[in-house]
Amino acid sequence: MYDVAVIGAGVTGAMIARGLAKYDAKVCILEKANDVATGATRANSAIVHAGFDAKEGSLKAKLNVEGSKMMKKVTDELGVKYKNNGSLVIGFNDEDRKTIEELKKRGDANGVEGLRVIDAAELRELEPNISENATCALYAPTGAIVCPYDLTIAAVGNAMDNGVELKLNFKVTGIEKDGSDYVIKSENEQIKAHYVINAAGLFADDIAKMVGDDSFSINPRRGEYILLDKECGGLVSHTIFRTPSKMGKGILVSPTVDGNLLTGPTSVDIADKEDNTTTSEGFAHIIKEASENLKAVPFGKTITSFCGLRATGSTGDFIINSPKAGFINAAGIESPGLSASPAIAEYVIGLLKEQGFNAAQKDSFNPVRRSAHYFKDASVEEKNEIIKKNPAFGRIVCRCEIVTEGEILEAIHTNPKATDLDGVKRRTRSGMGRCQSGFCSPYIVEILSRELGIPYECVTKSGGESYINVGKTKEAE
Amino acid sequence: MAQLNAKRQPAKIYFRIGERSYDYNMTRELTCIVCPMGCSLKVELTDGKVTAISGNTCKRGEEYAENECTNPQRTVTTTIMCEDGAPIAVKTDRPVPKEKIFEVMKLVNKKVASLPVSVGDVLLDDVFGSNIVATASRGE
Amino acid sequence: MDLVIIGGGPAGMSAAIAAYESGIRDMVILERDESLGGILQQCIHNGFGLHKFGEELTGPEYAWRYEKKVRELNIPVKLGTMVLDITEDKVITATNPEDGIFTIEAKAIILAMGCRERSKGALNIAGSRPAGIYSAGTAQKYVNMKGYMPGKNVVILGSGDIGLIMARRMTLEGAKVHAVCELMPYSGGLARNIEQCLNDFGIPLKLSHTVVEIHGKERVTGVTIAKVDENRKPILETKEYIPCDTLLLSVGLIPENELSKSAGISLSTITSGADVDQDRQTSIPGIFACGNVLHVHDLVDFVSEEAEIAGKSAALYIQNGKENTCSIALETDGKIRYTVPQRITENKDVKVYFRVADVFKNVKINVYSGENVVFSKRKQKVAPGEMESILLKKEMLEGAEKLTFKLEEA
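Presented here is an overview of the structure given in this document. Since we're looking at a predicted model, the values are computed, not measured.

1. Digging into the overall build of chain B
- If you tally the helices and strands in chain B, you get 2 helices and 12 strands.
- In sequence order, chain B lays out its α and β elements as β-β-β-β-β-α-β-β-β-β-α-β-β-β.
- Taken over 140 residues, chain B has a buried fraction of 42%.
- Taken as a whole, chain B presents about 7,100 Å² of accessible surface, with 48% of it coming from carbon and sulfur.

2. Description of the sheet that holds strand β11 (residues 126–127) of chain C
Residues and elements named next belong to chain C.
- Spatially, the 4 strands line up as an open sheet ordered β11-β17-β18-β19, and their pairing is mixed. Looking at strand neighbours, the two that pair on one side only are β11 and β19 (240–243), the edges of this open sheet.
- Pairing geometry for strand β17 (residues 209–215) and strand β18 (residues 222–227), over 6 bridges, is antiparallel. Directly across from Thr210, in β18, lies its bridge partner Ala226.

3. What to know about the packing of aromatic side chains
- Summed over the entire model, instances satisfying the criterion amount to 15 aromatic pairs over all chains.
- Between A:Tyr225 and A:Phe306 the ring centres are 5.2 Å apart and the planes differ by 25 degrees, which places this aromatic pair in the stacked class. Residue A:Tyr225 is located in strand β13 (residues 218–228), and its partner A:Phe306 is located in strand β18 (residues 302–313); the two are separated by 81 residues in the primary sequence. A:Phe306 shares its class with A:Tyr225; the two are buried.
- A centroid spacing of 6.0 Å and a plane angle of 65 degrees characterise the contact between C:Phe53 and C:Tyr66, whose relative ring orientation is edge-to-face. Here C:Tyr66 lies in helix α3 (residues 59–72) and C:Phe53 lies in helix α2 (residues 50–53), a separation of 13 residues in the sequence.
- Under the relative-accessibility criterion, C:Phe53 is labelled partly exposed at 31%.
- An aromatic cluster of three or more residues is present, and its members are A:Tyr456, C:Tyr134, C:Tyr142 and C:Tyr148.
- For the cation-ring pair, A:Arg370 lies above A:Tyr374, with the distance from its terminal atom to the ring centre recorded as 3.8 Å.

4. Observations regarding the pairing of strand β30 (residues 402–409) of chain C
Residues and elements named next belong to chain C.
- Where strand β23 (residues 328–332) and β30 come together, 4 bridges link them in parallel fashion. Paired with Thr332 across the bridge in β30 is Phe405.
- Where strand β27 (residues 360–369) and β30 come together, 6 bridges link them in antiparallel fashion. In the sheet register, Asn366 faces β30, and the bridge partner there is Lys406.

5. What to know about α3(C)
Residues and elements named next belong to chain C.
- An ideal rise of 1.5 Å per residue puts 20 Å on 14 residues; α3 measures up with 20 Å between its terminal C-alpha atoms.
- The set of residues buried in α3 consists of Gly59, Pro60, Glu61, Tyr62, Ala63, Trp64, Tyr66, Glu67 and Val70.
- Remark: Asn74 follows α3 within two positions and exhibits a positive phi of approximately 55 degrees.

6. A few points about the side chain of C:Arg116
- Along the chain, C:Arg116 falls in strand β10 (residues 115–117).
- Separated by 3.3 Å, the side chains of C:Arg116 and C:Glu258 make a polar contact.
- The residues contacting C:Arg116, other than those within four sequence positions of it, are A:Arg434, A:Cys435, A:Phe439, C:Gly252, C:Leu253, C:Ile254, C:Glu256 and C:Glu258.

7. Looking at the pattern of salt bridges
- For the structure shown, the criterion picks out 73 salt bridges over all chains.
- One salt bridge in this structure joins A:Glu66 and A:Lys62, with 2.9 Å as the shortest N-O distance. Separated by 4 residues within a single helix, A:Glu66 and A:Lys62 lie in helix α2 (residues 59–78), roughly one turn from each other.
- Residue classification places A:Lys62 among the partly exposed residues on the basis of a relative accessible area of 40%.
- Three or more residues are tied together by salt bridges with common partners; here these are A:Asp229, A:Arg399, A:Arg434, C:Arg32, C:Arg116, C:Glu256 and C:Glu258.

8. Some remarks on the nonpolar core
- In this structure, A:Val4, A:Leu20, A:Leu151, A:Ile197 and A:Ile320 are the most contacted members of the largest nonpolar core, which totals 73 residues.
- In terms of residue count, the dominant contributor to this core is helix α8 (residues 337–354) of chain A (9 residues).
- When sequence neighbours within four positions are dropped, the list of residues in contact with A:Ile197 reads A:Val4, A:Ala5, A:Val6, A:Ile7, A:Ile16, A:Leu20, A:Ile328, A:Val348 and A:Leu352.
- A:Val459, B:Val76, B:Ala136 and C:Ile194 belong to the second largest nonpolar core, which has 63 residues in total.

9. A few points about the side chain of C:Thr246
Residue and element names in this part refer to chain C.
- Examined against the element boundaries, Thr246 turns out to sit in strand β20 (residues 246–249).
- For Thr246, the side chain forms a polar contact with the side chain of Asp245, separated by 2.6 Å.
- Non-local contacts of Thr246, meaning those with residues more than four positions away in its chain, are made with Gly132, Tyr134, Pro150, Gly151, Lys152, Asn153, Val154, Val155, Arg219 and Val220.

10. Digging into helix α1 (residues 10–21) of chain C
All names here are of chain C.
- Its 12 residues place the ends of α1 16 Å apart at the C-alpha level, agreeing with the 16 Å of an ideal helix rising 1.5 Å per residue.
- The element α1 is extensively covered by neighbouring structure, given that 11 of its 12 residues are classed as buried.
- Every buried residue of α1 is listed here: Pro10, Ala11, Gly12, Met13, Ser14, Ala15, Ala16, Ile17, Ala18, Ala19 and Tyr20.
- Gly23 sits one or two positions beyond α1 and adopts a positive phi of about 110 degrees.

11. Here we look at the state of the cysteines
Residue and element names in this part refer to chain B.
- Throughout the structure, instances matching the rule amount to 0 disulfides over all chains.
- Free cysteine Cys39: the closest other cysteine sulfur is in Cys32, separated by 6.0 Å.
- The exposure class assigned to Cys39 is buried, which follows from its relative accessible area of 14%.
- Sulfur of Cys69: no disulfide; nearest cysteine sulfur belongs to Cys32 and is 12 Å away.

Thresholds, definitions, all that
Residues numbered from 1 in each chain as written. Chains lettered and ligands numbered in written order. Predicted model: local features only at pLDDT ≥ 70, side-chain atom pairs only at ≥ 80, totals over all residues. Heavy atoms only, no water. Helix = DSSP H or I, 4+ residues; strand = E, 2+ residues; numbered from the N terminus. Buried < 20%, exposed > 50% of the residue type's maximum accessible area, 1.4 Å probe, protein only. Areas by Shrake-Rupley, 256 points an atom, 1.4 Å probe, with all protein chains shown as cover. Pairing = 2+ DSSP bridges. Phe/Tyr/Trp six-rings, centres within 6.5 Å; stacked < 30°, edge-to-face > 60°. Lys NZ or Arg CZ within 6 Å of the ring centre and 35° of its normal. Expected span 1.5 Å × (residues − 1). Polar contact = N/O pair within 3.5 Å; in protein donor to acceptor, adjacent residues only side chain to side chain. Contact = heavy atoms within 4.5 Å. Salt bridge = Lys/Arg side-chain N within 4 Å of Asp/Glu carboxyl O. Core = buried A, V, L, I, M, F, W, Y, C linked by side-chain atoms within 4.5 Å. Disulfide = S-S within 2.5 Å.

This is the structure we're talking about:
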């Protein structure tokens, strides 16, 4: 019997769970996938928005600006890479300039600090590689970048270290009322909780329907990205947006906290919530618009492309409410959901208290988690101390991203524990470099097999049936 | 299981299964596989006998052309499983008839080699006139 | 230390032996793997060593000949050791479990890090990203070194040699290889491999074809292939769905020059390897490069040959320094994509390797010094997949400032 069950281990569920870990309550996170951060959190623009986009008075505007202000502290505590690189919305003509001025007004009203409209000369000083055709920009010094799955993994890990349970491969198939409690069922298991928080991302509408709330729907919107080699990460230092138009927000170009260059996203409404396929039209669109933003984007240095799905809610705003006693929706968390996530967590816990949640804060809560990157960030002397104690830190497994066996072992044995190749990759960056896991995956499969005590051929890419190998050699008839 | 494609050039084919020869008068075009140069060879066949070879740049190409039209052979390179559960690289120490490749694989697949293994060790003998020898070492 | 060799594959071992035989003793090979041999360890097929040893060896056998020599000569080797950084003044930072992170100051360095496969990421294939997409070399590692099957129903994109070799290898292990698709109108692999790896087993080679979409949620369930037009754009009416559980990629190799970049060595945009002189010396005096880190070779025999040049030259550099007696730039006409070396700095016989940009028949390779043809050779056929070489005699270099390599009608 749990006090609170959080459905969904994306960034929203993770931040809520971490918020709840401060209380003397029994909390669990239910996640349908084999790891945390595998839905909308896995693939997005990785941006902490300043907060000038959302309409004044909306929940999106309020929580974006609040969340953005909280992000630095949260990432410090969790040891997550965060960079306050500032953002620029660039304009190419008078119409864009008008829009940019409106955006500034809206941002000011939303409480975004330091917004300025800058001219071409200052823009070029900030970003020498910006397109010759750009004539002005909105400069938002509070814009930042963060790694969304790094944040989510760290938040879940910190929550777990403070007593929260994580149940993976728990796909909720039904929710029933039992007195004042909820019984949450999966195919093989059921748990009971006093309160339920629906942070199920793309599937939040399906979960809400299970308790009789059909007031909204979630519509997947495809967003494709192209990621370039670290060689290109220095091309721009700010996140470069285009001026939004009737056609949408357009393709952005941004450095990532890991030093790559990210371009995207496309924006296409689709029907299938699991269809994260990329398209050739999408690639063409990204390449065209990104190339308009800068003088040149070296797409020859592409290392990967991917597609994420936004959990777009039918109301146009975040859907955070309590449609039934003890049941709270944190749904429709599309952009700026990542930016808002620390504020969403507080807001949700506020609603929970209104619903009667009255657990006391516990003294033992430790908000700090050792950074997953502590080895990488250490000095040579410190690294040698670590290697002396554990020689596995002297063995490089992923040569492109320089990831040691020690870091991989920790990813497998630290909450939330990685159990598949993608899980190790998201925690350590192994396989994220130029060779895209060509060299290191056979070794990582071996380490996973050894550490998890499972046969080599049972290691998966991302759980389920995603086996890396399908059998042994010598078995042909 | 995949089948050897003996009938690659259905219009003009000359090959042999077991003792039986298919006799044709024809010109066969081959790519020499003896060395990486990959010479394009032309072989004239009269009553099933090789009467002229052209396109080769060395003597070995000529031998290959002749053999390929009378008794095609291949060196098989594969692995044998060792007692530690990992494979070791092996080869047939001489070419085997092409149509026996999958039979070689069947024999090789059944074998489990004990360690240590050194380069050149015979792990299986008398496999269609060839020995299966290790091409790598382990556990020395 | 006199000499540090980065990489213990065929290039590194060969260079080390040559340097040793030229009198260098204070040296070490740094190898990231737990054994010597590099990628040859997993290349269990035969076809190696015909030039070098006059016999047909498998990859591990070829490597073993050099490893045995390295052991006999007691050339120091550090296994499991990854070089993290090289500086312009030849300070090497490396790590391994025993020594931790350490530095070596070297008088000379030989770069022999090899190459890596172009990954799927670089291709921007539409569709999903399930398990079951591997580069051919990764599949080779699973099958030959680990003993596991990465798939049983396979489509291969790219007709590079590793792809062709893996088509046969997986077929022998019971997999069904449905097709090898090649974007170009010709194969990037050796003719003999098309013959003995595809034709022998009836595996279709689809030239001017590519994979336009990958299907499958958890594991690959199929791929859509299509013919491409002369601009290499897919012709959508020719789309064909092939059910399969695996897509192997054999779409090119890229020299691994991250370390060279960190040292500030100037790289060729065409080979992705260092710009070198006839001794395989890079833009930084005392740093040499050889093997696939310099340019991708088809045959390991030529890797060894090149590494011997680098090893000998590094020894000379350590012993006497190296003086330039001339400065000749080697240029190409575009039909010839590149030459290695890219410049000649000493008046002596120089073997020049090069690759052509397309398949050409009945051509002459002409080398011009100004208006004069100093070298000419007729070829029936040249192809991008097969590296060519010519020997420039010392007297051809006389007075030249620039030599231009041209492919002209015979």
